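# Fold and geometry: a report
This is what each chain is made of:
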Amino acid sequence: MSTAVMDTVRYTSDGQLLDIHRATAPDAPTVLLWHGRGPAERDVLGALAATVARLGATVIVPDWHPDAPDGGRPQLAASLRFTWDFVPDPAKIILVGWSLGGRAAMATALQPNPPEGWRPAAVVGVAARYNQPEPLLALPSPMAVCATAPPLPIHLVHGTADRVCDFANAREFQSVLASHGRRAPLTELTTDHSGAVMAEYSADLGRCRPAHSGSSYREGLRTAHVIAEAAGLDMEKAQVSG
């Protein structure tokens, strides 16, 4: 198990921040992880990102603002450009998103005409809806482009107790992908929407926060393993206990 180190840097001219959870190996794979609908919630994914880093991948988690007039999508594009510049080989980036960020990540990875010809090495959608378009990215829904989806690894993670994004949508997306000859393993978690990313809802805060113990941590650890495996890491050599 590696020890992660976190740096926080500004990645846009208007002062948006991102966290870099660095793995110790100089040749570690890189994961770009997008949070969901809540504005500037990179901290919510802190426990998950740190866990994936300890498993051996460097994880970049940007703040972005879905509540902005432009939907925050230019910030997602800026985080992509930052990550392209951060890594030696952009083709090896793993793109991961949760909830609204998961739909954006999947649409970005599967779009017919990617910007600058870039696609991630793999994409992981966590607790997202896949049957809705990405209008501000000018992209169709991930489900709508299954027939022409490029040959890259697709991974789905979803909690069966999710009341925000119905688990049935992930199952339907998996089925549609399969109908077009695309295998997309779906990891079923026994948790809710936030637990899928190692987080929990706090009524006092009115938002989610990282979970460091309990069922949300244990189920989120399974998500961390899916992300690490998508990044090509050997789970027998890199273990984080729950």
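Look up a bit, the structure's there.
Overview of the structure. Keep in mind that this is a model prediction, so the values were computed, not measured.

Here is what the cut-offs are and how they apply
Residues numbered from 1 in each chain as written. Predicted model: local features only at pLDDT ≥ 70, side-chain atom pairs only at ≥ 80, totals over all residues. Heavy atoms only, no water. Core = buried A, V, L, I, M, F, W, Y, C linked by side-chain atoms within 4.5 Å. Buried < 20%, exposed > 50% of the residue type's maximum accessible area, 1.4 Å probe, protein only. Helix = DSSP H or I, 4+ residues; strand = E, 2+ residues; numbered from the N terminus. Contact = heavy atoms within 4.5 Å. Pairing = 2+ DSSP bridges. Right-handed = clockwise from strand over helix to strand, strands pointing away. Salt bridge = Lys/Arg side-chain N within 4 Å of Asp/Glu carboxyl O.

### Points about the nonpolar core
- One finds Trp-34, Met-106, Leu-110, Tyr-130, Ile-154, Leu-156 and Phe-173 to be the most contacted residues of the largest nonpolar core, which totals 37 residues.
- Among the secondary structure elements, those contributing two or more residues to this core are β2 (17-22), β3 (30-34), α2 (73-86), α3 (100-110), β7 (154-159) and α4 (167-179).
- The dominant element in this core, judged by the number of residues it contributes, is α3, at 6 residues.
- Residues within four places of Tyr-130 in sequence aside, it is in contact with Gly-102, Met-106, Gly-125, Ser-141, Pro-142, Met-143, Leu-156, Asn-169, Ala-170 and Phe-173.
- Listed in part, the 36 residues of the second largest apolar core include Leu-45, Val-61, Ala-231 and Met-235.

### Some details on the environment of Glu-41
- Mapped onto the elements of the fold, Glu-41 is located in the loop between β3 and α1 (46-55).
- Assessed through its relative accessible area of 9%, Glu-41 is described here as buried.
- Along the sequence, Glu-41 and Asp-162 sit 121 residues apart, while their C-alpha atoms lie 19 Å from each other.
- What Glu-41 contacts, discounting residues up to four positions off in sequence, is His-35, Asp-63 and Arg-207.

### Overview of unusual backbone geometry
- Positive phi, normally seen in glycine, also occurs at Ser-99, with a value near 60°.
- By the element assignment, Ser-99 lies in the loop between β5 (94-98) and α3.
- The residue Met-198 is not glycine, and still its phi comes out positive at about 60°.
- Relative to the elements of secondary structure, Met-198 occurs in the loop between β8 (186-189) and β9 (199-202).

### Notes on the pairing of β7
- Across the 6 residues of β7, 6 count as buried, placing the element largely inside the fold.
- Across the two faces of β7 the burial is the same, with Ile-154, Leu-156 and His-158 and His-155, Val-157 and Gly-159 all buried.
- Pairing of strand β6 (residues 122-126) with β7, which is carried by 4 bridges, proceeds in the parallel orientation. Paired with Val-126 across the two strands is Val-157, which belongs to β7.
- For the segment spanning β7, α4 and β8, crossover handedness is right-handed.

### Re the pattern of salt bridges
- Under the definition given, this model contains 10 salt bridges.
- Residue Glu-41 pairs with Arg-207 through a salt bridge whose shortest N-O separation is 3.7 Å. Taken as a pair, Glu-41 in the loop between β3 and α1 and Arg-207 in strand β10 (residues 207-210) lie far apart in primary sequence, 166 residues in all.
- Taking the shortest distance from any N to any O, the salt bridge between Arg-42 and Asp-63 comes out at 2.5 Å. Placement of Arg-42 in the loop between β3 and α1 and of Asp-63 in the loop between β4 (58-62) and α2 is noted, with a sequence separation of 21 residues between them. Asp-63 shares its class with Arg-42; the two are buried.
- One continuous salt-bridge network, built from bridges that share partners, spans Asp-19, Arg-42 and Asp-63.

### A short note on the pairing of β10
- Of the pairings in the sheet, the one linking β9 to β10 comprises 4 bridges and is antiparallel in character. Bridging from a neighbouring strand, Ser-202 pairs with Arg-207 of β10.
- What sits between the antiparallel neighbours β9 and β10 is a turn of 4 residues, in which Gly-206 has the positive phi angle 70°.

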